[in-house]
Amino acid sequence: MSELLPNHVAGGWVHGTGPGVALIDPVLGDTLVRVDAGGIDLASAFAFAREVGGTALRALTCRERGELLGAIARVLQSHREAYDAIACANSGTVKSDSAVDIDGAIYTVSTYARMAARLGDTRHLIDGEAVRLGKDESFQSQHVQVPTRGVALFINAFNFPAWGLWEKAAPALLSGVPVIVKPATATAWLTQRMVKDVIDAGILPAGALSVICGSSAGLLDALQPFDLVSFTGSADTAAIIRQHPAIARRSVRVNIEADSVNSAILMPGDAPGSPTFDAFVKEVAREMTVKSGQKCTAIRRAFVPVQLHDAAAEAIAARLAKTVVGNPRNSTVRMGALVNRAQYDAVRAGIEQLAREGNVIHDGAQAGLVDADPTVACCVGPTLLGVRDPDAASLVHDIEVFGPVATLMPYRDTAHAAHLARRGEGSLVVSLYGPDEDALARMALDLADSHGRVHVVSPSVAALHTGHGNVMPQSMHGGPGRAGGGEELGGLRALGFYHRRAVVQGAPGVITSMGI
Ligand code: NAP
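Engineer: Explain the site of the ligand to me, using residue names and the numbers behind them.
Structural biologist: In the vicinity of the ligand lie 25 residues, with N156, T185, S234, T237 and E400 positioned nearest. Within the contact set of the ligand, an oxygen atom lies 3.4 Å away from a backbone nitrogen or oxygen of G233. Taken by itself the ligand offers 910 Å² of open surface, and the protein chains cover 82% of this. Contributions of two or more residues to the shell around the ligand are made by β11 (228-232) and α7 (235-243). The residue makeup of the shell around the ligand, split by class, is 11 nonpolar, 10 polar and 4 charged. Residues from two domains meet in the shell around the ligand; each of domain 1 (4-258 + 488-513) and domain 2 (262-469) gives at least three.

Engineer: Just give me the short version of the sheet that holds strand β5 (residues 31-35), but keep the residues and values in it.
Structural biologist: Spatially, 3 strands are ordered β1-β5-β4 in an open sheet, and the strand pairing comes out mixed. The open sheet terminates on both sides in strands that have one partner only, identified here as β1 (4-5) and β4 (21-24). Here 4 bridges tie β4 to β5, and the two strands are oriented antiparallel to one another. In the strand pairing of β5, A22 is matched with R34. Contacting β1, β4 and β5, helix α6 (residues 188-200) runs over the sheet at an angle of about 65° to β5.

Engineer: Quick rundown of the pairing of strand β13 (residues 262-266)? Include the residues and the values.
Structural biologist: For β13, the tally of buried residues reaches 5 of 5 residues, placing the bulk of the element in the interior. Judged by which residues are buried, β13 turns out to be covered on both faces: N262, A264 and L266 on one side and S263 and I265 on the other are all buried. As judged from the 4 bridges shared by β13 and strand β14 (residues 299-305), these two strands associate in the parallel manner. Opposite N262, over in β14, you have I299 as the bridge partner. Once you follow β13 into helix α9 (residues 275-289) and on to β14, the crossover reads as right-handed. In terms of strand pairing, β13 meets strand β18 (residues 427-433) through 4 bridges, oriented parallel. Each bridged residue has a counterpart across the sheet, and for S263 the counterpart in β18 is V430.

Engineer: Explain the nonpolar core to me, using residue names and the numbers behind them.
Structural biologist: Residues L69, I72, Y112, F154, W166, L173 and L204 are the most contacted members of the largest nonpolar core, which totals 59 residues. Other than its neighbours up to four places away in sequence, F154 contacts L165, K168, A169, A172, V179, I180, V181, K182, S230 and Y498. Listed in part, the 30 residues of the second largest apolar core include L354, M409, A439 and M443.

Engineer: I'd like a rundown of empty space enclosed by the protein, residues and numbers included.
Structural biologist: Per the stated rule, a full pass over the model turns up 5 cavities of 30 Å³ or more. By volume, the largest cavity amounts to about 80 Å³. Contributing to the lining of the largest cavity are N156, A157, N159, F160, W163, G164, E167, T232, E257, C296, H477 and E488. Of all the elements, helix α5 (residues 163-175) adds the most residues to the lining of the largest cavity, at 3 residues.

The rules behind the values
- Residues numbered from 1 in each chain as written.
- Predicted model: local features only at pLDDT ≥ 70, side-chain atom pairs only at ≥ 80, totals over all residues.
- Heavy atoms only, no water.
- Near = heavy atom within 4 Å.
- Polar contact = N/O pair within 3.5 Å; in protein donor to acceptor, adjacent residues only side chain to side chain.
- Areas by Shrake-Rupley, 256 points an atom, 1.4 Å probe, with all protein chains shown as cover.
- Helix = DSSP H or I, 4+ residues; strand = E, 2+ residues; numbered from the N terminus.
- Nonpolar A, V, L, I, M, F, W, Y, C, P; charged D, E, K, R; others polar.
- Domains from an automatic or database assignment.
- Pairing = 2+ DSSP bridges.
- Contact = heavy atoms within 4.5 Å.
- Axes fitted to C-alpha atoms, helices over the stretch in contact; angles between N-to-C directions.
- Buried < 20%, exposed > 50% of the residue type's maximum accessible area, 1.4 Å probe, protein only.
- Right-handed = clockwise from strand over helix to strand, strands pointing away.
- Core = buried A, V, L, I, M, F, W, Y, C linked by side-chain atoms within 4.5 Å.
- 1 Å grid on protein atoms, 1.4 Å probe; cavity = no way out; pocket = protein on both sides within 12 Å on 5 of 7 lines; lining within 4 Å.
- Points joined across faces, edges and corners; volume = space filled by probe spheres on them.

Dropping the structure here:
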């Protein structure tokens, strides 16, 4: 029988009491480990995190918490190879795709460790300037932000078991708030292993970091008013969470990162072979294939001026044709598997649904798999679809096929392109490609209401931009509408979620003393 991974709660390691759910290698079909959360005393686990972990973290200054983050980053770096092996086995990813998750996690923790130095030896944040409330300065108002005395519960998606934990835990721990992470079951192993390494290294105070692998049953019931929930996953699960009494009645603060039908727009005035045309083509193909398209930020809809449609279709298809798909352990393979059979079936069904509204420009299924049995491996070749009349289509603007799939569509003018992008009803990211920086700036502002991030690629940055789908800790991650309405990262802005804002009204001496 495979190993049953223990959970870490209330400062100790505990095994679930049930038989466990098996985590599977999506390429070979082997059982790897099992996870189970049965029998855990969740009320005690949450209370321990709040009372013991939270108290210890709040006693530290921001500078000291930042030093903990620095130590965490070093521990994670020292186990980098073990994480790569787990990601390959459990997520079916090639090395470069595993790196997006693992190195993205380590980079994010390191970045917050560095940012902490800017905060110095404080335990709370001063919010804005003091303002006088009377005729003179003798009675004033000053807003402050103090760490919440609750616990931060993270319910995460399967596609980023490493980054998904640390992009949330870094700002939470820096804020002085203890963390309980419940990773998606399918890929919980990497999250559990990272937590284990950090706990074993003795970096954090007891109760500061807990991990519960397996069923989510009872987690939301354990929440109390000053706790927080940060959820990443599907819109359907998000809707269940929003309706839970902890959120609906006890005002537990919630952040939701959900589905998103992101866009890339090649601006008018470009031509085949130009730096930005090439950057657009490269980015669409890259976003379709990195992590087999299992990124919430991946390009799902690519819009091009109508006269460039055929040239763009040909160029993207030519790139996709070079993508070798199969067993990530084979060095010729560039794209591995989807996470499991359920996702494989969902992606195949999604392609069929989208193809009803359009045509298949590039069918990745034709090339076959390298070193992998197609009856076992959950691999899907990159598939580019085309829709000639995006106004008449509806599924393409609505369905997020969470795999290596995108749809190319023509538009008439920039107003039409912006209208089509907005039919995603709120997305995490839109990227723009073109030579005219004034036109790009106008379009960026026009789309900023419905997109959390606008990624702009003009010729001077075509070779050095950070990528449409890469979430940088310095920049906000999240989007309005169907993307969940959440906000994460954005540098020190992320700390706001873990702090409570209050206003203190009093004499200037009181106000001044608070700033020390
Ligand atoms: P999911 O099925 O919604 O699961 C997400 C998490 O919720 C998992 O940990 C899951 O646990 C848990 N969960 C399931 N039912 C629950 C319930 N009733 N109460 C509380 N928790 C529950 O999503 P997924 O399939 O893992 O992830 C894919 C989706 O995530 C995609 O749609 C993608 O767009 C989205 N995503 C968004 C972002 C973003 O930043 N916006 C990032 C990554 C992914 P189990 O695994 O144990 O079921």
